[in-house]
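Inside the fold
These are the residues of each chain, in order.
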Amino acid sequence: MKGLKTWAALALFQLAAVTLKAEVKLPAFFADNMVLQQQTQANLWGWAAPSKTVTVKTGWNGKTYTATTAKDGKWKLAVETPVAGGPYDITISDGQPLTLKNVMIGEVWVCSGQSNMEMPMKGFKMQPVEGANMDAAYSKNPRIRLFTVGLNSQTTPQDTVKGRWSEACAESVREFSATAYYFGRMLNRVLDDVPVGLIVTAWGGSACEAWMNPAWLKPEWMEHYKYPVPAPGAKIPSPNRTATVLYNGMLHPLVGYTMRGVIWYQGEDNYDRAWSYADQLSTMVKGWRAEWGQGDFPFYFCQIAPYDYSLLFKSGEEVPNSAFLREQQAKAAEIIPNSGMAVLMDAGLETCIHPRQKHKAGERLCLQALCKTYGVKGLVCDPPVYKEMEVKGDTVIVTFDRNKMWPAGRGVFTSKCFQVAGEDRVFHPAEAWIVQKRVYVKSKDVPHPVAVRYGFENWVDGDLYGEEIPVSSFRSDDWPETREVKK
């Protein structure tokens, strides 16, 4: 009996010790070194024992906020944030205090997509990022904070992620998304050293479908897609391409983190089913916005860069033309409210799908944000866009919208990226020259042209600009997609 009493007393002591040590739990992204969005009601949430009162005290104004945990232990509240600044502490307690240190208030952006967003400053093996070593050397900046979501493919929505916040320095920047870093660096500089928080959730080779809630997927898309939605707990045939699995594992946990907007670099995996991409991307953005509950937050994305996709196919196989995907992305920029597209026609690499010039991707995304979100005057972020064509004799005359400063070639008044076709619908390389606001195009092989295209191939080195912003590939025709044949 004495032994039983001793055992019971020990058990009670251990239980009391566990209770005393118990403290509120937080998702990985609410942690030391984080950034909260300035001048807003910023969401915080986590877990504690059921029916507990959780208090949050913010260091910038000394205010205390309270919430009561639900039956599952979850709690959520919003704290008022000041203008950009810091560092501050936040103390969260359910009786046992937890203090988050070195918290900044500033601009928060979520950065998502596939490998060209994931690609770190150190590059991939045999695939460097241009200028990365020198830029990393000068990257130390405690007002730029970096968080990378760990790769996680799941069949059901998750509550948290793996990852941690770091201050920008050579070591942390080396491992961080190059596109996202260049975006954040420019934003920090232009906005007078405002703190910037970048949350990267990206996985190389991922499909657009993988980042979507199953309720958003349309049957007509899935008829042409080989990775259907898996049942909960089922084997995932492709961890980065299977529909919904990255939404579950890498996006859903972030939903509700108060931020300014999203930057996105994806599309290479969808190039062989381009016809649905504008609809898919606009549906995905609509779904993200609905779940986030922040209205039509800014969504800026990269148009995929040119690349010779025939390198992925065997000799004699049909090769889809990725220009149709770029066309769909341009369409998406028109139909998605509060969005913009960074054109990368001059930033591709013929023999590698991972372009080296990531500074162009990040900085052109930042130009979109500076012009459209932050209202910085005197900057240009969008190039001229194709308006119409007319034929005079053997020459096509192309005119543009959004063309106040007129198009310009790369150092000269010509372009090498135009093609024309006659009634046979066969396109031939053409001469193109710029006269004021128009481009004139003709080919000796097409005496009676009926259609014109610019940069409408898998690989092309874009050479047409509007105020240093490259013009997107475009076409005047609406002919069905044709495929190249690798010889």
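Here's a quick rundown of the structure. Given the structure is predicted, the values throughout are model-derived calculations rather than measurements.

The rules behind each value
- Residues numbered from 1 in each chain as written.
- Predicted model: local features only at pLDDT ≥ 70, side-chain atom pairs only at ≥ 80, totals over all residues.
- Heavy atoms only, no water.
- Pairing = 2+ DSSP bridges.
- Helix = DSSP H or I, 4+ residues; strand = E, 2+ residues; numbered from the N terminus.
- Salt bridge = Lys/Arg side-chain N within 4 Å of Asp/Glu carboxyl O.
- Axes fitted to C-alpha atoms, helices over the stretch in contact; angles between N-to-C directions.
- Parallel < 35°, antiparallel > 145°, perpendicular 65-115°, else oblique.
- Left-handed = near helix turned anticlockwise from the far one by under 90°.
- Contact = heavy atoms within 4.5 Å.
- Nonpolar A, V, L, I, M, F, W, Y, C, P; charged D, E, K, R; others polar.
- Expected span 1.5 Å × (residues − 1).
- Buried < 20%, exposed > 50% of the residue type's maximum accessible area, 1.4 Å probe, protein only.

Let us look at the sheet that holds strand β26 (residues 474-475). Overall, antiparallel pairing links the four strands, which are arranged β20-β19-β23-β26 in an open sheet. Of all strands in the sheet, those with a lone pairing partner are β20 (427-429) and β26, marking the two edges. Pairing analysis gives four bridges linking strand β19 (residues 418-421) to strand β23 (residues 451-454), with the strands arranged antiparallel. Bridging across to β23, Ala 421 finds its partner in Ala 451.

Before going further, it helps to spend a moment on the pattern of salt bridges. Taken as a whole and assessed by the stated rule, the structure comprises 22 salt bridges. With its nearest N and O atoms 2.9 Å apart, the salt bridge here joins Lys 372 to Asp 382. Taken as a pair, Lys 372 in helix α10 (residues 358-372) and Asp 382 in the loop between α10 and β15 (385-392) lie far apart in primary sequence, ten residues in all.

With that settled, the discussion passes to the sheet that holds strand β22 (residues 438-442). Pairing is antiparallel across the open sheet formed by five strands, whose spatial order is β15-β16-β22-β21-β18. The open sheet has two edge strands, β15 and β18 (414-415), and neither has a second partner. Two elements, β18 and strand β21 (residues 431-435), share two bridges in a ladder whose sense is antiparallel. Bridge pairing in β21 places Ser 415 opposite Ala 432.

All right, on to the packing of helix α8 (residues 277-292) against helix α9 (residues 323-335) then. Close contact between α8 and α9 brings their axes to 8 Å; oriented N to C, the two are set at 40°. The angle between α8 and α9 places the two elements in the oblique class. Relative to α9, α8 is oriented so that their crossing is right-handed. Taken together, the residues of α9 that come into contact with α8 (itself represented by Tyr 277, Ala 278, Leu 281 and Ser 282) are Leu 325, Gln 328, Gln 329, Lys 331, Ala 332 and Ile 335. Classifying every residue of the contact of α8 with α9 gives six nonpolar, three polar and one charged.

Relative to the 18 Å expected for 13 residues at 1.5 Å per residue, α9 spans 19 Å between its end C-alpha atoms, a close match to the ideal helical length. Among the residues of α9, those classed as buried are Ala 323, Phe 324, Leu 325, Arg 326, Gln 328, Gln 329 and Ala 332. Looking at the buried residues of α9, the elements they touch are α8, β12 (299-302), β14 (339-342), β23 and β26.

By the element assignment, Cys 208 lies in the loop between β10 (196-202) and α6 (219-222). Exposure remark for Cys 208: the relative accessible area of 0% places this residue in the buried category. With 69 residues separating them along the chain, Cys 208 and Tyr 277 place their C-alpha atoms 8.3 Å apart. Leaving out residues up to four positions away in the same chain, Cys 208 has contacts with Gln 266, Asn 270, Tyr 277, Gln 280, Leu 281 and Met 284.

This part is about the pairing of β21. The alternating pattern of β21 places Ala 432 and Ile 434 on a buried face, while none of Glu 431, Trp 433 and Val 435, on the opposite face, is buried. By the bridge criterion, five bridges tie β21 to β22 in an arrangement that is antiparallel. From the neighbouring strand, Trp 433 faces β22, where its bridge partner is Tyr 440. Between the antiparallel neighbours β21 and β22 lie two residues, among them Gln 436 with a positive phi of about 55°.

Remember, this is a structural readout, not a statement about activity or role.
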